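# Summary of structural features
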Amino acid sequence: MSISRDDILAWLQDVARIIAENRDYLVQLDSPIGDADHGANMDRGFRAIMGKMGEISDKDIGTIFKTAAMTLIATVGGASGPLYGTFFLQAGTKTAGKMEISIEEWAVVLEAALAGIVMRGKAEVNQKTMVDALTPAVQALKQAVAEGKSQAEALELSAEAARQGMLATIPMLALKGRASYLGERSIGHQDPGATSSYLILNSAAKVWNGV
Amino acid sequence: MKKLINQPEDVVVEELQGIAYAHGDLVKVHYNPNFIVRADAPVKGKVGVISGGGSGHEPMHGGFVGMGMLDAACPGAVFTSPTPDQMLEATKAVNGGAGVVHIVKNYTGDIMNFEMAAELARAEGIDVEAVITNDDVAVQDSLYTAGRRGVGITVIAEKISGAAAEQGRSLKEVADICRKVNAQGRSMGMALTSCTVPHAGKPTFDLPEDEMEIGIGIHGEPGRVRMKLKSADEVTAMLMEPIIGDLPYKSGDNVLLFVNGMGGTPLLELYVIYRKAYEIAEQHGLKVVRNLIGPYITSLEMAGTSITMLKVDDDLVKLWDAPVKTPGLRWGV
């Protein structure tokens, strides 16, 4: 089992579809604790990536990720643009020249991508951000790989950890981003960034597992 | 949603087209990436001053491009930070060889995008100094938040920094005067209504008819506390006291007093607010030597106001009085 360049392309296409489907949902989540733009911004970014599919369809995984990164940086805006842009940029650096990667390599890629987000956003876990979904997902993936679980199972466990991490943001007090201005009133709302992070990782598990 | 728009996704570009038709004598509009630039940019030997932010705050920032103020402004989508490619191209377009100051409001997205743009510009050999505005006293504890937001002082900082650059001051001097304005200025705002982001289609938050939100930011994000509506004088006091207490301003200080409209509040009410704010300032021994009253940093159609006060010295007053010729602010020319 491995993850091929075509798998990566199929994943990005699925993410674009899922984000478009969840555009209004993400806007709704962003309204009470943010500024009601997360769904629209992410949708604009992934639509723009779809516009680049023609020029990246025969490229290596690193080039695909870097193109996605630069497209998100240039089209998304807000905090999500630089954050997801950095996520894919780091992923691209780890996959330069590769046409396929193993699940072990994917764990390394995802860890580097998360490190990029942490560096750019200076956020830690428990601050009600996308880091709260991504961190447990990376941990679960690394653990599953270390335990020799199958690729399908590792991806599934990682996506489930992201989902739990996303749900865990509901009772959290926001300490980063615009939601932090609300103080106590940020409690009780699910973080939109953690939600989009879950959607993205869940899509990888579904697409690569052929679900 | 009741708005005079065509398609939500076209509002920013159509606004830019309108600005290009209306103010072609002062500015040029560049598309893909989008930015508004002074018609005579780059001005050789002059420090460039640029800013940017989400759309929906007009006239800030695009309305402040022109002689004596900004050299360029980068508009993002409504309430969304612009992107590094816009800022990079704007930086290159205004670089007259003396470097470029980025004036950045303290919002997570704006900070990150401008940081990336500054890294890219420096990689191309342009000196960039970023100055972050964070004057909103409504955000109390910066340890537990993303820090104080950049609000009303940004308008004043853009005017004064632009004037300093026009005088031929160096990159460091212009950046320092901008930092000084931010350090000596404080703001606080309030809302009577929410506002509707075009692509969201409905109000960002619900605010009952008889309630108001004190400590609001400029993106329709809820503020510090919600309470029953009070009189203009009471509201003005609730905004002025935290401002005065924060710096702190002291008796004998000269100040510039800026009463801003959030977009949906008429000048009639802003002058009522100004009247009380002026009296409160005088009661504290503060001498209001300059003022600005009107909708300059707005939040779409939100009804409400913000008050900004800047402690000024002779240099700042001279820079404030210096000629400015932009679509949104014009005097002395």
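Residues numbered from 1 in each chain as written. Chains lettered and ligands numbered in written order. Predicted model: local features only at pLDDT ≥ 70, side-chain atom pairs only at ≥ 80, totals over all residues.

Here we take up the domain arrangement of chain B. Residue and element names in this part refer to chain B. Structurally, chain B comprises domain 1 (11-184) and domain 2 (185-320). A separation of 22 Å is found between the C-alpha centroids of domain 1 and domain 2. Between domain 1 and domain 2, the residue contacts involve 26 residues of the former and 32 residues of the latter. Listing elements by their share of the side of domain 1 that touches domain 2, those giving two or more residues are α4 (153-166) and α5 (171-183). The dominant element in the side of domain 1 that touches domain 2, judged by the number of residues it contributes, is α4, at eight residues. (Domains from an automatic or database assignment. Contact = placed C-beta atoms within 7 Å. Helix = DSSP H or I, 4+ residues; strand = E, 2+ residues; numbered from the N terminus.)

With that out of the way, let us pick up the interface of chain B and chain A. Taken together, the contacts link 29 residues of chain B with 26 residues of chain A. At the level of secondary structure, the elements contributing two or more residues to the side of chain B that touches chain A comprise β4 (72-78), α2 (84-94) and α3 (108-123) of chain B. When residues of the side of chain B that touches chain A are assigned to their parent elements, the largest contribution, five residues, is made by α3 of chain B. In terms of residue class, the side of chain B that touches chain A is made up of 14 nonpolar, 13 polar and two charged. (Nonpolar A, V, L, I, M, F, W, Y, C, P; charged D, E, K, R; others polar.)

All names here are of chain B. Across the two faces of strand β1 (residues 27-30) the burial differs, with Val-27 and Val-29 buried and Lys-28 and His-30 not buried at all. Of the strand pairs in this sheet, β1 and strand β2 (residues 35-38) are connected by four bridges, and their pairing is antiparallel. The residue of β2 that forms the bridge with Lys-28 is Val-37. Remark: four residues form the turn of the hairpin made by β1 and β2, two consecutive strands paired antiparallel; Asn-32 in that turn has positive phi of roughly 50 degrees. (Buried ≥ 20, exposed ≤ 12 C-beta atoms within 10 Å, placed from the backbone. Pairing = 2+ DSSP bridges.)

Before going further, it helps to examine the confidence of the model for chain B. One rule of thumb: low pLDDT means the predicted coordinates there are not for detailed reading. When the pLDDT values of chain B are averaged, the result is 95; 99% of them are 70 or greater. Interface predicted TM-score (ipTM) for the complex: 0.76; the corresponding pTM is 0.87. (pLDDT = per-residue confidence, 0-100.)

What follows deals with the pairing of strand β12 (residues 304-312) of chain B. Residues and elements named next belong to chain B. Summarising burial for β12: nine of the nine residues are buried, a large majority. A two-sided burial pattern is seen for β12, the buried positions comprising Gly-304, Ser-306, Thr-308, Leu-310 and Val-312 on one face and Thr-305, Ile-307, Met-309 and Lys-311 on the other. Sheet analysis places strand β10 (residues 254-261) next to β12, joined by eight bridges and oriented antiparallel. Residue pairing in the sheet places Val-259 in a bridge with Ile-307 of β12.

Residues and elements named next belong to chain B. Sheet architecture is open: six strands sit in the order β1-β2-β4-β3-β5-β6, paired in mixed fashion. Of all strands in the sheet, those bounded by a partner on one side alone are β1 and β6 (128-133). Averaged over all adjacent pairs, the angle separating strand axes in this sheet is 20 degrees, with direction ignored. Direction of pairing for strand β5 (residues 100-105) relative to β6: parallel, over a ladder of six bridges. Each residue of the ladder has a partner; that of Val-101, found in β6, is Glu-129. (Axes fitted to C-alpha atoms, helices over the stretch in contact; angles between N-to-C directions.)

This brings us to the sheet that holds β10 of chain B. Residues and elements named next belong to chain B. Read from one edge of the open sheet, six strands run β9-β8-β7-β12-β10-β11, paired in mixed fashion. Each edge of the open sheet is held by one strand with a lone partner, namely β9 (225-228) and β11 (287-294). Direction aside, neighbouring strands of the sheet carry axes that sit 20 degrees apart on average. Packed onto the sheet, helix α6 (residues 232-246) meets β7 (185-191), β8 (211-214) and β12 and runs at close to 155 degrees relative to β7.

Another aspect to go through is the packing of helix α1 (residues 5-21) of chain A against helix α3 (residues 38-51) of chain A. Residues and elements named next belong to chain A. Following both chains from N to C, one finds α1 and α3 inclined at 150 degrees, their axes separated by 9 Å at the closest point. Crossing geometry of α1 relative to α3 is assigned as left-handed. Between α1, through Leu-12, Gln-13, Val-15, Ala-16, Ile-19 and Ala-20, and α3, the contact on the second element is made entirely by Met-42, Asp-43, Phe-46, Arg-47, Ile-49 and Met-50. Its residues assigned to classes, the contact of α1 with α3 comprises nine nonpolar, one polar and two charged. (Left-handed = near helix turned anticlockwise from the far one by under 90°.)

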